[in-house]
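# Survey of secondary and tertiary structure
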Amino acid sequence: TMGFFEQLSDRLQKTTTLGDEAAASMGTVLLKFRSIQGERTFERAIKAANDFAAATGGNAVGAIQMLGRALENPALGSRMLKMQAGLAADELKKVQDLAKAGFMKGAQEALLTAFEKRFKGAADEEAKTLTGRMKMLGNATGEIFESIGTLLLPKIKPVVSGLTDMVWKLKGWMDANKEMLTGQI
């Protein structure tokens, strides 16, 4: 549900460098993979992808696309993750065996466990660095500006509309008076 993703995004933004918009985008990407079910699986996948991105210096949305594809088809995806994420051969075999036996949920959990084993905590560690803290400060500041914008929007909207109308009228007048304006400049 959207409430779940909003709460998860908020929690991740407060503890990692991931902004709430990026976390929401990750949730949207993950929803496209129909075989991934359950809030707990979604949460684990989003956190694992964020950890992977932090550990590798990559993009969290790209990481969730990769992990989502792997979770959608664990037998095939585990081989891809072996190359891209360095999963061990025994982890790969376990995932493939579960997938071949038709235990999709078990294969997904084994894949996430292997992924977490390798990368869990990387995003939290990144957040403890000076660069990480600066990103978190930027995210928090952005939230303040969004809140201010939401509060002030009813007051600002008529002013912006009025200014927009005035600018279009000025442009119309300038177009109608080109000869006069070019002769004066």
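What you are looking at is a predicted structure, and each value in this text was computed from that prediction instead of being measured.

### Comments concerning the pattern of salt bridges
Scanning all chains against the criterion turns up nine salt bridges. Beyond isolated ion pairs, a larger network of salt bridges with shared partners links Arg 11, Glu 43 and Lys 47.

### Focus on the nonpolar core
Core analysis: the largest hydrophobic core is formed by 36 residues, its most contacted members being Leu 30, Ile 46, Ile 64, Leu 67, Leu 81 and Phe 115. Within the residue set of this core, elements represented by two or more residues are helix H1 (2–15), helix H2 (20–31), helix H3 (39–56), helix H4 (60–72), helix H5 (74–85) and helix H7 (104–119). Not counting residues within four places of it along the chain, the set of residues in contact with Ile 46 comprises Phe 5, Leu 8, Leu 12, Met 26, Gly 27, Leu 30 and Ile 64.

### Observations regarding the packing of aromatic side chains
Aromatic rings considered in pairs are described by the distance between their centres and by the relative angle of their planes. Counted according to the given criterion, the structure contains three aromatic pairs. Seen from their ring centres, Phe 52 and Phe 115 are 5.4 Å apart, and the 40° between their planes marks the pair as tilted. Taken together, the positions of Phe 52 in helix H3 and Phe 115 in helix H7 put the pair 63 residues apart, joining distant regions of the chain. Each of the two residues, Phe 52 as well as Phe 115, counts as buried. Ring plane angle 55° and centroid distance 5.2 Å describe the contact between Phe 115 and Phe 119, whose orientation is recorded as tilted. Of this pair, Phe 115 and Phe 119 both sit in helix H7, four residues apart, which is roughly one turn of that helix. The same class applies to Phe 115 as to Phe 119, namely buried. Put simply, the rings of Phe 52, Phe 115 and Phe 119 touch in pairs and so form one group of aromatic residues.

### Section: helix H6 (residues 89–100)
When the terminal C-alpha atoms of H6 are compared, their 16 Å separation across twelve residues agrees well with the 16 Å that a helix rising 1.5 Å per residue should span. For H6, the secondary structure elements touched by its buried residues are H5 and H7. Within two residues after H6, Gly 102 carries a phi angle of roughly 90°, on the positive side.

### Considering a nonpolar patch on the surface
Together, Ile 144, Phe 145, Ile 148, Leu 151, Leu 152, Ile 156 and Val 160 give the surface a local cluster of nonpolar side chains, amounting to about 680 Å² of exposed area. Inspection of the secondary structure assignment puts Ile 144 in helix H9 (residues 130–176).

### Let's talk about the side chain of Gln 96
Within the fold, Gln 96 resides in helix H6. Here Gln 96 falls in the buried class, since its relative accessible area comes to 14%. Those residues in contact with Gln 96 that lie beyond four places of it in its chain are Ala 75, Ser 78 and Arg 79.

The rules behind these values
Every chain's residues receive numbers from 1 upward, in the order its sequence appears when written. Totals for whole chains, interfaces and linings use every residue, but because this is a predicted model, local features are given only for residues with pLDDT of at least 70 and side-chain atom pairs only at 80 or more, for both listing and counting. Side-chain measures were taken over the full set of non-hydrogen atoms in the model, leaving aside hydrogen atoms and water. Each salt bridge in this description consists of a side-chain nitrogen of Lys or Arg and a carboxyl oxygen of Asp or Glu lying within 4 Å of one another. Nine residue types can take part in a nonpolar core, namely buried Ala, Val, Leu, Ile, Met, Phe, Trp, Tyr and Cys, and a core is a set of them joined through side-chain atoms within 4.5 Å. Note on classification: 1.4 Å probe, protein chains only; a residue is buried when its accessible area is under 20% of the maximum for its type, exposed when over 50%, partly exposed between these limits. Helix and strand labels come from DSSP, where a helix needs a run of H or I of at least four residues and a strand needs a run of E of at least two; each type is numbered from the N terminus. Two residues qualify as a contact provided that any one of their heavy atoms is within 4.5 Å of a heavy atom in the partner residue. Any two rings among Phe, Tyr and Trp, with Trp reduced to its six-membered ring, count as a pair given centres within 6.5 Å; such a pair is stacked if its planes are under 30 degrees apart, edge-to-face if over 60, and tilted if neither. By this rule the span expected of a helix is its residue count minus one, scaled by 1.5 Å. Two distance rules govern patches: like charges are joined within 9 Å, and nonpolar side chains (Val, Leu, Ile, Met, Phe, Trp, Tyr) within 5 Å, applied only to residues with over 30% relative accessible area and no salt bridge. Reported accessibility uses the Shrake-Rupley method at a 1.4 Å probe radius. Residues are deemed covered only where the shown protein chains occlude them.

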